[in-house]
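This is what each chain is made of:
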Amino acid sequence: PLVSGMEIDEKPSITYDEIGGLKDQVLETVETVELPLKNPKIFEEVGITPPKGVLFYGPPGTGKTLLAKAVAHETNATFIKIVASEFVKKYIGEGSRLVRGVFELAKEKAPAIIFIDEIDAIAAKRLQGSTSGDREVQRTLMQLLAEMDGFESRGNVGIIAATNRPDILDPALVRPGRFDRIIEVPVPDEDGKLEILKIHTKNMSLDVDVDLKYIAQNAKSASGADLKSICTEAGMFAIREEHHSVSAKNFEDALEKVMHKNKDKSSKES
Ligand code: ATP
């Protein structure tokens with residue numbers, strides 16, 4: 001179905017190797033999402049219920065979607081992504097019907113991973129004095145919780161949600177049997193940055209003077225998405241100079257450009 005705010009990838013190609021600096025997060029995701037899908041028997045034998053839903057939280061562009069896609073790749077599952085904020089904006093009055101539809105689709109396409117991005121848009125704490133819009137959002141959340149409650153956690157559908165704002169989530173969402181595993185996906189540290197730069201320059205022609213470690217050290221608050229932009233921009237600078245490989249200077253200019261843009265953004269936000 002062609003629904004805006006929804007993406008279906010029958011065979012995502014992302015592997016864990018393409019994710020830099022998130023070793024612990026990959027491990028935890030393997031245990032909590034991949035293993036129950038691949039080997040539900042183990043959980044039965046040990047006599048524990050695997051988590052039903054996993055919540056990723058952290059700043060934008062840190063690899064939450066990548067992680068979810070990699071799990072889908074690893075389990076040969078269909079990747080179904082919905083962006084909760086888009087659903088709320090575009091399908092007024094239809095949110096709960098769409099949620100039901102997504103779960104039906106996942107069962108049909110199973111094994112499947114449902115990835116709900118920006119879940120805070122439908123799962124923020126209830127505020128005082130609700131408008132009809134709030135009530136509609138509330139109904140969408142109720143439907144999501146109902147779908148999760150009616151779900152077999154040893155089944156062949158995994159559910160992952162992501163947010164930048166874990167602090168505003170309705171506690172009902174993270175109750176046991178719902179999104180009861182919470183994994184932080186932070187901005188990378190210096191080693192993580194270097195790993196990510198290596199991943200994104202793997203297919204680039206680099207001059208010998210390019211020092212990725214220097215870039216990693218100097219891209220202070222960069223997310224994975226920023227580091228990817230730095231690589232692309234550096235390549236663009238090289239092309240503009242009609243060079244066939246990328247120089248250290250190109251990287252420095254790209255670093256300046258991308259990190260400067262971020263600074264403008266954050267000063268506008270505050
Ligand atoms: P958002 O909260 O904005 O949806 P996100 O955390 O889901 O962000 P992704 O969509 O996974 O971020 O990342 C965007 C792009 O940035 C990825 O497609 C990838 O190219 C790059 N990227 C981000 N994090 C990493 C990482 N840890 N390793 C390698 N590449 C990364």
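To be clear, the structure that these remarks concern was listed above.
Residues numbered from 1 in each chain as written. Predicted model: local features only at pLDDT ≥ 70, side-chain atom pairs only at ≥ 80, totals over all residues. Heavy atoms only, no water.

Give a detailed account of a nonpolar patch on the surface, specifying residues and quantitative values.
Residues L35, I42, V46 and I48 make up a contiguous nonpolar surface patch of about 320 Å² in total accessible area. Inspection of the secondary structure puts V46 in helix 2 (residues 40–46). Among the residues examined, V46 registers a relative accessible area of 60% and is labelled exposed. (Patch = residues over 30% accessible without salt bridge, like charges linked within 9 Å, V, L, I, M, F, W, Y side chains within 5 Å. Areas by Shrake-Rupley, 256 points an atom, 1.4 Å probe, with all protein chains shown as cover. Salt bridge = Lys/Arg side-chain N within 4 Å of Asp/Glu carboxyl O. Helix = DSSP H or I, 4+ residues; strand = E, 2+ residues; numbered from the N terminus. Buried < 20%, exposed > 50% of the residue type's maximum accessible area, 1.4 Å probe, protein only.)

If you had to explain the pattern of salt bridges to someone new, which residues and values would you point to?
Going through the model one piece at a time under the given rule, you end up with 11 salt bridges. E195 serves as the salt-bridge partner of K23, at 3.6 Å between the closest nitrogen and oxygen. Placement of the pair is K23 in helix 1 (residues 23–38) and E195 in helix 8 (residues 190–201), with a sequence separation of 172 residues. Since its relative accessible area comes to 32%, E195 is described here as partly exposed. Across the pair R181 and E28 runs a salt bridge whose closest N-O atoms are separated by 3.2 Å. Of the two residues, R181 sits in strand 6 (residues 181–184) while E28 sits in helix 1, which places them 153 residues apart along the sequence.

Which residues make up the environment of P59, and what values go with them?
Checked against the element boundaries, P59 lands in the loop between strand 2 (53–57) and helix 3 (64–74). For P59, a relative accessible area of 36% corresponds to the partly exposed category. Each residue touching P59, except ones within four places of it in the same chain, is listed here: K64, N164, V185, P186 and V187. (Contact = heavy atoms within 4.5 Å.)

Explain helix 8 to me, using residue names and the numbers behind them.
In a regular helix each residue adds 1.5 Å, so 12 residues correspond to 16 Å; helix 8 covers 16 Å between its end C-alpha atoms and thus fits that length. Its side-chain oxygen placed 3.3 Å from the backbone nitrogen of D191, D189 serves as the N-cap of helix 8. (Expected span 1.5 Å × (residues − 1). Polar contact = N/O pair within 3.5 Å; in protein donor to acceptor, adjacent residues only side chain to side chain.)

Provide a residue-level description of the site of the ligand, including the pertinent values.
Taken together, 18 residues lie around the ligand, and G20, G61, K64, T65 and H200 are the ones closest in. Within the side chain of T65, an N or O atom sits 2.5 Å from an oxygen atom of the ligand. Here the ligand loses 80% of its free accessible area of 630 Å² to cover by the protein chains. Residue assignment for the shell around the ligand shows that the elements contributing at least two residues are helix 3, helix 8 and helix 10 (224–240). Residue composition of the shell around the ligand, grouped by class: 6 nonpolar, 8 polar and 4 charged. (Near = heavy atom within 4 Å. Nonpolar A, V, L, I, M, F, W, Y, C, P; charged D, E, K, R; others polar.)

Report on the pairing of strand 3 (residues 78–83), specifying residues and quantitative values.
A regular strand carries its side chains on alternate faces of the sheet. Most of strand 3 is tucked away, with 6 of its 6 residues classed as buried. Both faces of strand 3 are covered, namely the face carrying T78, I80 and I82 and the face carrying F79, K81 and V83. Note: strand 1 (residues 6–9) against strand 3, 4 bridges, orientation antiparallel. The residue of strand 3 that forms the bridge with D9 is F79. (Pairing = 2+ DSSP bridges.)

Can you break down the sheet that holds strand 4 (residues 112–117) residue by residue, with the values?
Strand order in the open sheet made by the 6 strands is 1-3-4-5-2-6, with mixed pairing throughout. Here the strands that pair on one side only, and so sit at the sheet edges, are strand 1 and strand 6. The mean angle between the axes of side-by-side strands here comes to 20°, regardless of whether they run parallel or antiparallel. This element, helix 1, spans strand 2, strand 4, strand 5 (157–163) and strand 6 of the sheet and lies at about 150° to strand 6. (Axes fitted to C-alpha atoms, helices over the stretch in contact; angles between N-to-C directions.)

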